[in-house]
Structure formats: structure tokens, C-alpha cells
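Structural description and commentary
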Amino acid sequence: STGALNMSEARETFYIVQYAKTDRSRCSKSHKTIPKGSIRIGRNYPSPFHDGYATQWFLPKPFFEKYGKRVKSTREFRGFDNLRTKDQEHLRQLVGEEPSAAASSGKEEEANNKLWKIRELLDKNSNLKDLKALLDYNGIRSGGGKDSLVNRLSDAILHGKAVCSTCPNQDKCQLKFNNGLYRCVADLQWGKCGYEGVEVVIHKFRKDPAVNAPYLKPYVDNEPLSRVLKKVTKAFVKEYNRDPKAPLKGMLFAVVGNRLSSGKSIEEFKEYVTRNGGEFSSSIHPRIDYVVSTFTEVMKTSEKMKAVKELGLAVVSELLVDRLIDEFGFRQTPYLLTGKLPPIAFAPLANSTDKKTDNPKKKSRKSKKVELEVKHGRIDPDAKCPKGKIFVDSDSTSYDVILSMVSILPMPITILRFRLR
């Protein structure tokens, strides 16, 4: 079977997973019939005969026998989030992934069971007219076949309708949740909205009084169920090729807070990052490398910071960005405020024409232990370090120190700059 895709999409092979809608498809490897309702995996590849894609269908085991080495993560399967929890875990085992932490806690499985219960009720009791009426009443796209309408409607009933701040007309906002991210597919005056992230406003599903659907009453009266945000395992970075003219190339930044410790606004910081080769995201999503913020913002409970913490993203001091522009290959942990540093932070530096790295004096200088006096604040008497002193490793005469909040009073203390005398 074949399926046409927009030519603007990358012409690459990709994989989809779904439940077979009929029993007419056959596995391309075993040649066995794929039973209706069972899992089938599709390999979509650029067709040699037209501008669309051709699809080969497989049963799970034959697919992994043939293409298993090419699949590194279940996130490569489009439609993975639409499977039942037990089937998601089965695919994780075939890929070689650890069981989902959310599924182990029971939260994901409970939500998934409710979602499928609603789908089954809609599929059994509703017709196309009612499905479209309920979707239109809530401002959700109502095009497509019954399967698509049921999926859209059941998701909205359980999780509510999500809208992003990018769309000037919230009624037109059309977010799809997939692979741990919301993506807006709304058609606006200038084209697609293009929003991508996890910061959204959730509106409770509203029942159209003109549609008689008493079977939905136990679900439509409940508050929207929060989604379990999924962390993305970033690819290992074997080495980093630093370009002195674009020292932040390959790094994606975001900001939490209205203004940084240097006084830069978000727009000024965005210009600063992009001017030095980096990328900037105005929304929070799992692919971000560094979230630049302050201790004050970390201690707050803003929705944006909650999303950052739930995704386990690295929240770092602005001083890290300044140093990354000057050099690469240093220990970044002292600049980490919370979260986990991305793989690029631990990548060795490849051969570079950067003059700083070729400085013979820097290469010959050995790391040494330095004793520094604290000039601002006072040491907590219960802290582990000696009163009035702090010990750090240094390989230069000028460096930054991030003091832990348990060591210094009064609070909060962010970053103090020290210089050797």
C-alpha cells in the first residue's frame, strides 16, 4: 500500500506502528496475514515511482529480525503513544529499552486504560455526525475517517483541549501530542503555526447538549488528566568539532525567567546565542541542551520551570554560555543549577583551529587546589567547608564559582566571581 506525504517533509525512511484496521494486510517478511486489531509496524520509504511514500507492513517479530539493528529507540515509531501500555512495553523489550518509569508507577497504565475505555465506547456507540459535532463544539479538527475522529475525541475527553500561546486566535489552535511534545498544526494566515513544546493551557472538554451521549457522562464531568511528560534520551556525542567563528554551534538553549543575572532580556540573550552559532527555543521541550536561568527561578514553582524539572533538562548559569563562547572542554558541573547535563557537555574536543586550545601555556599548566576567601555573605556554621574558606580546583587565574545554597547565608546566593591574588 502507499501513502502520499507533503513534499516539504524530509525524504527519509521512517517507521509507524498501529493496530491493523482490517485483516487484509500481510507481513512483508513472513508473508502471514496480519490479524485485525493486532500490532503492525510499517516501514515507509520514498517511492521509486512517485513523489510519495510506499509502505511495507510487518508483524513485530519479523520486523525486528530484519530491521531491528536500525531502530535505536521506540521514539522512532510514529504512533507509539497511541498503543496500549502493555503493547508499548512489549515493543520496548524488542528494542532493548528499559521499562517506562511512568508505566512502572502505574500512572501511565491507568491513563492508558481510561483512554482505551473511552475509545471503545465511542467506537461502539457513536456515529460520524455525533463525533464531528462534539469535536466542532470544542474547536477541534473534525476531518478524517472514524478512527481519526475517535482518537482525537477520546484524547480531548481525557486530557482536555490544549492550546498554545502562539496562535493569535485560540479557537484555531490545533495541538497534537506525540512523542512527549505538543505540536500545533493549525493553518494561520502566514502558514502553519509551528509551535512545538510542553507549555500549553488546558481547557476542560465541553459536552455538546445537542448530542445525546449518556455513555460519556462518567468521563466528561471529570477534570482533565495531566499527561506524563516523556524524557528524551539524547544521542551520545563522540566528539565536538568546535568552530571558533560559531562556538555555540550544535547547542540548543532556552530561558526561564524574564531577565537574566547579567540584565539581558530574553530577546537580547536570543540574539547573543544565535550570533555565536547556537540555536534558541522560546518553548520548553526535551531536545533542549541548556536552560539558562538563576537560582531564584529554580526555587520558584512556575509552570515553565516545572516542565523543565520534569523533563530533567540542565538548568545552568548564564556564565556557562559566556565560557562556552571562549572555550570548550572544561568541566561544566560547577555551572549546573539543577537537572542533568546533556551529552555534548562531556564530549571530547576534536581537532580545532581555536587559538585558545593551541596555547602551549594552557596545555602545560596543571590543575591545582586553591584556597579562596568568601568576600560576600557568610559561611553557614553547619557547612562542611571551613568557616570563611572555600576550596576549588582551578586551571586558570580567573574563574567562576557557584556556591551551594546550603553553604552560604543569607539566601539565595547565586554566583560570586573570584580572582587569585
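Before reading further, recall that the structure is shown in the block above.
The text that follows walks through the structure, step by step, so that each part is easy to find. Here the structure is a predicted model, which is why all the values come from computation and not from measurement.

**Let's talk about helix α11 (residues 318-326)**
Burial within α11 is extensive, with seven of its nine residues counted as buried. Those residues of α11 not exposed but buried are Glu318, Leu319, Leu320, Val321, Arg323, Leu324 and Ile325. N-cap assignment for α11: the residue whose side-chain oxygen lies 3.0 Å from the backbone N of leucine 319 is serine 317.

**Digging into the side chain of lysine 161**
Checked against the element boundaries, lysine 161 lands in strand β6 (residues 161-163). A polar side-chain atom of lysine 161 sits 3.0 Å from the main-chain carbonyl oxygen of glycine 139. With near-sequence residues (within four places) excluded, lysine 161 lies in contact with Asn138, Gly139, Ile140, Ala156, Gln170, Asp171, Cys173, Val201, Ile202 and His203.

**So, the sheet that holds strand β14 (residues 279-280)**
The sheet built from five strands is open, its strands ordered β14-β13-β15-β16-β17 with mixed pairing. Two strands close off the open sheet at either side, each with one partner strand: β14 and β17 (336-338). Bridge analysis of strand β13 (residues 252-255) against β14 gives two bridges, and the strand direction is parallel. Of the residues in β14, the one forming a bridge with phenylalanine 253 is phenylalanine 280. Sheet strands touched by α11: β13, β15 (290-292) and β16 (314-316). Its angle to β15, the strand with the most contacts, is close to 120°.

**Quick look at the nonpolar core**
In terms of nonpolar packing, the biggest core is built from 26 residues, with Met251, Phe253, Phe269, Tyr290 and Leu324 touching the most fellow members. Looking at this core, the elements with two or more residues in it are β13, α8 (266-275), β15, β16 and α11. Leave out the neighbours within four places in its chain, and phenylalanine 253 touches Leu248, Phe269, Val273, Glu279, Phe280, Ser281, Ile288, Tyr290, Val292, Val321 and Leu324.

**Examining the pattern of salt bridges**
If you walk through the whole model with that rule in mind, you get twelve salt bridges. The residue glutamate 318 makes a salt bridge to lysine 264 at a minimum N-O spacing of 3.4 Å. With a gap of 54 residues between them, glutamate 318 in helix α11 and lysine 264 in the loop between β13 and α8 connect regions that are remote in the sequence. For glutamate 297, the salt bridge goes to lysine 300, with nearest N and O atoms at 3.3 Å. Looking at glutamate 297, the relative accessible area reads 14%, which means it is buried. The exposure class of lysine 300 is partly exposed, given its relative accessible area of 42%. If you follow the salt bridges from partner to partner, you end up with Glu89, Arg92 and Glu97 in one network.

**A few points about the packing of helix α4 (residues 107-125) against helix α6 (residues 146-159)**
Following both chains from N to C, one finds α4 and α6 inclined at 130°, their axes separated by 9 Å at the closest point. Viewed along their axes, α4 and α6 adopt a mutual orientation that is oblique. With respect to the hand of their crossing, α4 and α6 are arranged in right-handed fashion. Here α4 contributes Ala111, Lys114, Leu115, Ile118, Arg119, Leu122 and Asp123 to the contact with α6, which in turn contributes Lys146, Val150, Asn151, Leu153, Ser154, Asp155, Ile157 and Leu158. Its residues placed into classes, the contact of α4 with α6 shows eight nonpolar, two polar and five charged.

**Some details on unusual backbone geometry**
With a phi angle near 65°, histidine 31 is a residue other than glycine that sits in the positive phi range. By the secondary structure assignment, histidine 31 is in the loop between β2 (14-19) and β3 (39-46). In this structure histidine 31 comes out as exposed when scored by relative accessible area, which is 54%.

**Section: the pairing of β13**
The side-chain alternation of β13 yields two buried faces, one formed by Leu252 and Ala254 and the other by Phe253 and Val255. In this fold, β13 hands off to α8, which returns the chain to β14; that crossover is right-handed. Pairing of β13 with β15 involves three bridges; the strand directions are parallel. The residue bridging alanine 254 from the neighbouring strand is valine 291, located in β15.

Cut-off values and rules
- Residues numbered from 1 in each chain as written.
- Predicted model: local features only at pLDDT ≥ 70, side-chain atom pairs only at ≥ 80, totals over all residues.
- Heavy atoms only, no water.
- Buried < 20%, exposed > 50% of the residue type's maximum accessible area, 1.4 Å probe, protein only.
- Helix = DSSP H or I, 4+ residues; strand = E, 2+ residues; numbered from the N terminus.
- Polar contact = N/O pair within 3.5 Å; in protein donor to acceptor, adjacent residues only side chain to side chain.
- Contact = heavy atoms within 4.5 Å.
- Pairing = 2+ DSSP bridges.
- Axes fitted to C-alpha atoms, helices over the stretch in contact; angles between N-to-C directions.
- Core = buried A, V, L, I, M, F, W, Y, C linked by side-chain atoms within 4.5 Å.
- Salt bridge = Lys/Arg side-chain N within 4 Å of Asp/Glu carboxyl O.
- Parallel < 35°, antiparallel > 145°, perpendicular 65-115°, else oblique.
- Left-handed = near helix turned anticlockwise from the far one by under 90°.
- Nonpolar A, V, L, I, M, F, W, Y, C, P; charged D, E, K, R; others polar.
- Right-handed = clockwise from strand over helix to strand, strands pointing away.

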